[in-house]
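For reference, the chains in residue letters:
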Amino acid sequence: MTMKNRVKTILRWGGISIVSLCYFITLIASTFAYSAFSESESMRFSGPIPLKEYKASIDSLMQATDGVFSVAFFGFAICVPLILIIFKTVR
């Protein structure tokens, strides 16, 4: 393997690693909304709760889940073309 090929390989896989790492960091950051809800609401469900509070908690949970799904979907839709572009340009 020549030095030029080695540099291209490092650039290609380094770029792919950076794109993947950014995707996973963003995905992990989006799950913090869910984990914050889980910690704050878990103690409140130990006894009977009013219907209004229950519905508000479910809405909050749905918003947190929707955020995670949105980041996963759009992040994947952005990362795959970026990885393909890296493979195409660094040959």
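For the structure itself, look to the data block above.
Residues numbered from 1 in each chain as written. Predicted model: local features only at pLDDT ≥ 70, side-chain atom pairs only at ≥ 80, totals over all residues. Heavy atoms only, no water.

Per the secondary structure count, the protein includes two helices and zero strands. For the protein, the exposed area adds up to about 7,000 Å²; of that, 73% sits on carbon and sulfur atoms. (Helix = DSSP H or I, 4+ residues; strand = E, 2+ residues; numbered from the N terminus. Areas by Shrake-Rupley, 256 points an atom, 1.4 Å probe, with all protein chains shown as cover.)

Right, let's get into the nonpolar core. Counting residues in each nonpolar core, the largest one holds five residues, listed as Ile-16, Val-19, Tyr-23, Cys-79 and Ile-86. Broken down by secondary-structure element, the contributors of at least two residues to this core are helix H1 (3-41) and helix H2 (51-89). Considering every element that reaches this core, the biggest residue donor is H1, with three residues. Among residues more than four places away in sequence, those in contact with Ile-16 are Ile-83, Ile-86 and Phe-87. (Core = buried A, V, L, I, M, F, W, Y, C linked by side-chain atoms within 4.5 Å. Buried < 20%, exposed > 50% of the residue type's maximum accessible area, 1.4 Å probe, protein only. Contact = heavy atoms within 4.5 Å.)

With that out of the way, let us pick up H2. Compared with the 57 Å implied by 1.5 Å per residue over 39 residues, the 57 Å span of H2 between its first and last C-alpha is a close match. Here H2 has its buried residues at Ser-57, Ala-64, Val-68, Gly-75, Cys-79 and Ile-86. (Expected span 1.5 Å × (residues − 1).)

Mapping Ser-30 onto the fold places it in helix H1. At 2.7 Å, the side chain of Ser-30 forms a polar contact with the backbone oxygen of Leu-27. (Polar contact = N/O pair within 3.5 Å; in protein donor to acceptor, adjacent residues only side chain to side chain.)

Scanning the model with the defined rule gives zero disulfides in all. You can see Cys-22 has no disulfide; the closest cysteine sulfur is in Cys-79, sitting 7.8 Å from it. Residue class for Cys-79 comes out buried when judged on its relative accessible area of 13%. (Disulfide = S-S within 2.5 Å.)

Turning next to the environment of Ala-64. By secondary structure assignment, the location of Ala-64 is in helix H2. Each C-alpha atom of the pair Ala-64 and Ser-35 lies 8.9 Å from the other, and the pair is 29 residues apart in sequence. Ignoring sequence-local partners within four residues, the contact set of Ala-64 consists of Ala-33 and Tyr-34.

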